[in-house]
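These are the residues of each chain, in order.
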Amino acid sequence: SGRELDLAATLTRQYLNSGHLSEASPAFRAHWLLGELLEMRGDHAAAEAEFSAAHALAKNYKPSAK
């Protein structure tokens, strides 16, 4: 919804750093989500780094178009 982007980014980073990743929420998907959040905040360089991390973990992942 575009609200609380900072909180969402913080929680996503905490999830990635927790060491308790699940198959239901894989790391590549969390990196992609974080990239989207950073992009919405205008941090395009950091967003691209997250998209690259997602791609490195799942080369065939193609998120659905919005």
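Computed from a prediction, not measured in an experiment: that's the story for all the values here.

About the criteria used
- Residues numbered from 1 in each chain as written.
- Predicted model: local features only at pLDDT ≥ 70, side-chain atom pairs only at ≥ 80, totals over all residues.
- Heavy atoms only, no water.
- Helix = DSSP H or I, 4+ residues; strand = E, 2+ residues; numbered from the N terminus.
- Rg over C-alpha atoms; globule rule 2.2 N^0.38 Å.
- Buried < 20%, exposed > 50% of the residue type's maximum accessible area, 1.4 Å probe, protein only.
- Areas by Shrake-Rupley, 256 points an atom, 1.4 Å probe, with all protein chains shown as cover.
- Polar contact = N/O pair within 3.5 Å; in protein donor to acceptor, adjacent residues only side chain to side chain.
- Contact = heavy atoms within 4.5 Å.

Scanning the chain for helices and strands turns up three helices and zero strands. Of the regular secondary structure in the chain, the N- to C-terminal order runs α-α-α. Rg of the C-alpha trace for the chain: 11 Å, near the compact-globule value of 11 Å for 66 residues, within the 12% margin. Its C-alpha atoms give the chain principal-axis dimensions of roughly 25 × 25 × 20 Å. Relative to its 66 residues, the chain shows a buried fraction of 27%. When the accessible area of the chain is evaluated, it comes to approximately 4700 Å², of which 54% is carbon and sulfur surface.

As a further point, take the side chain of Thr-12. Mapped onto the secondary structure, Thr-12 falls in helix 1 (residues 5-17). Residue classification places Thr-12 among the buried residues on the basis of a relative accessible area of 9%. Among the polar contacts made by the side chain of Thr-12, one reaches the main-chain carbonyl oxygen of Ala-8 at a distance of 2.8 Å. With residues near it in sequence (within four places) discarded, Thr-12 still touches Ala-30, Leu-33, Leu-34 and Leu-37.

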